[in-house]
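One letter stands for each residue in the lines below.
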Amino acid sequence: TSTKIFKDINPGKNSSSPSYFTNYKSLLYFSSNNGVNGQELWSSDGKAKSTKLLSDINPGPGSSSPSDLLGLNNRLYFAANDGQTGRELWSHSLRTGVSSIVRDIRKGSGIGSNPSNLVALNEQLFFAAEGDTYGRELWVSDGNLNSTQMLKDINPGGLDSNPDDLSVMNNNIYFTATTYFDGRQILKLDGESLNISVVTGSSGDNLATDPDELHAT
C-alpha cells in the first residue's frame, strides 16, 4: 500500500494547508487555500475531480479561515471572517449551496465574537463566543438570527468564563469554565432543561481545579 497526494489544491511548491476536516452527509468539508482565494471552505466526495472550493466567504485573495466545522440539520456550521464583520458564526446550506452569517454577535466591532468549540445536542448548536457586554460565555443557536443568544452569564459582570472542551455525553454537555466564586471548574449543561451547574463530588466539594482537555467517548 502506497501513500500519495490526493489533490494538489495549491499547485506548485506552496501548501494548501488543509485543516478542520468534517464528514457530513457523505461529503468531506474542510478549510484550504488554493493560492488564489485564500483559506476558504472546500468540499470533496473522495474524488480529486470533484474536490472544489465551496464558498469564497472573504472574496478575493483574503482568507475567511473557516474553523470548528460541524454538520447539523442539513447545514454546515463554522466560524469564519468575511473581512467586514470579523470572525463570526456562519452556516452553509446543503440545500441551496449558500453560505451566510448566522448572527453578527459583536455587531459593528469588525473584530467578531470568535465562536469556537461547536457541538450539537438535541438539534441545537452550542458554542463559546464573546459578546459586547458579558465577555466570553456559552451561546446556543438553532441556526436562526433570533434564536442565537447567550445561554448564561457564567462569570457575571463582564468577566469571561471562557467555556472550553465542550463534550457531549448522556444527553448533557460537559465543559470547563471559569466561575465567579470557584474559579475554573467542570460544568454540566442539562440537555433537557438547559440548566448549567458545577459538577461536584459526593462530599459536595468541587470535583476539580483548573481542569482541561475534557473528552467524551
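Structure shown above.
Peer 1: Got a sec to walk through the sheet that holds strand β1 (residues 19–24)? Specific residues and values, please.
Peer 2: One key point about sheets: their strands pair by backbone hydrogen bonds, in either a parallel or an antiparallel sense. Across the sheet, four strands lie side by side as β1-β2-β3-β4; this open sheet has antiparallel pairing. The outermost strands of the open sheet, each flanked by one partner alone, are β1 and β4 (52–55). With strand direction ignored, the average angle separating the axes of adjacent strands in the sheet is 35°. Relative to strand β3 (residues 39–44), strand β2 (residues 27–33) runs antiparallel, the two sharing six bridges. When the sheet's bridge partners are listed, Ser32 is paired in β3 with Glu40.

Peer 1: Any chance you could break down the pattern of salt bridges for me, citing the residues and the numbers?
Peer 2: Once the charged atoms of two side chains with opposite charge are near each other, the side chains can pair. Considering all chains together, one arrives at one salt bridge under this definition. Residue Glu130 is joined to Arg106 by a salt bridge in which the shortest nitrogen-to-oxygen separation is 3.9 Å. In this pair, Glu130 sits in strand β10 (residues 124–130) while Arg106 sits in the loop between β8 (99–103) and β9 (116–121), placing the two residues 24 residues apart along the sequence. With a relative accessible area of 28%, Glu130 lands in the partly exposed category. Of the residues examined, Arg106 reaches a relative accessible area of 18% and is grouped as buried.

Peer 1: Outline the side chain of Glu137, supporting the account with residue identities and numerical values.
Peer 2: Along the chain, Glu137 turns up in strand β11 (residues 136–141). Summary of buried charges: Glu137 has no salt-bridge partner, and the nearest side chain of opposite charge, Arg184, is 9.0 Å away. Reaching out from Glu137, the side chain makes a polar contact with the backbone nitrogen of Asn155 at a distance of 3.3 Å. Beyond its immediate sequence surroundings of up to four residues, Glu137 is in contact with Phe127, Ala128, Ala129, Met150, Lys152, Asp153, Ile154, Asn155, Leu159, Asp160, Ser161 and Pro163.

Peer 1: How would you summarise the sheet that holds β8 if you had to cite specific residues and measurements?
Peer 2: Here four strands make up an open sheet; going across it, the order is β5-β6-β7-β8 and the pairing antiparallel. At either end of the open sheet lies a strand with only one pairing partner, and these are β5 (67–72) and β8. Averaged over all pairs of adjacent strands, the angle between strand axes in this sheet comes to 35°, irrespective of strand direction. Taken together, the four bridges between β5 and strand β6 (residues 75–81) define a ladder with antiparallel strand orientation. Bridge pairing in β6 links Leu72 to Arg75.

Peer 1: Report on unusual backbone geometry, specifying residues and quantitative values.
Peer 2: Of note, the phi angle at Asn73 is positive, near 55°, even though the residue is not glycine. Note on placement: Asn73 falls in the loop between β5 and β6. In this structure, Asn114 takes a positive phi of about 50° despite not being glycine. Here Asn114 is to be found in the loop between β8 and β9. Asn114 gets classed as partly exposed once you look at its relative accessible area, which sits at 39%.

Peer 1: An account of the pairing of β2 is needed here, citing residue identities and associated values.
Peer 2: Across the seven residues that make up β2, a large majority, five, are buried. Hairpin connection of β1 to β2: two residues between the antiparallel strands, including Lys25 at a positive phi of 55°.

The rules behind each value
- Residues numbered from 1 in each chain as written.
- Predicted model: local features only at pLDDT ≥ 70, side-chain atom pairs only at ≥ 80, totals over all residues.
- Heavy atoms only, no water.
- Pairing = 2+ DSSP bridges.
- Helix = DSSP H or I, 4+ residues; strand = E, 2+ residues; numbered from the N terminus.
- Axes fitted to C-alpha atoms, helices over the stretch in contact; angles between N-to-C directions.
- Salt bridge = Lys/Arg side-chain N within 4 Å of Asp/Glu carboxyl O.
- Buried < 20%, exposed > 50% of the residue type's maximum accessible area, 1.4 Å probe, protein only.
- Lys, Arg positive; Asp, Glu negative; His and termini not counted.
- Polar contact = N/O pair within 3.5 Å; in protein donor to acceptor, adjacent residues only side chain to side chain.
- Contact = heavy atoms within 4.5 Å.

Just geometry here; none of it tells us what the structure is for.
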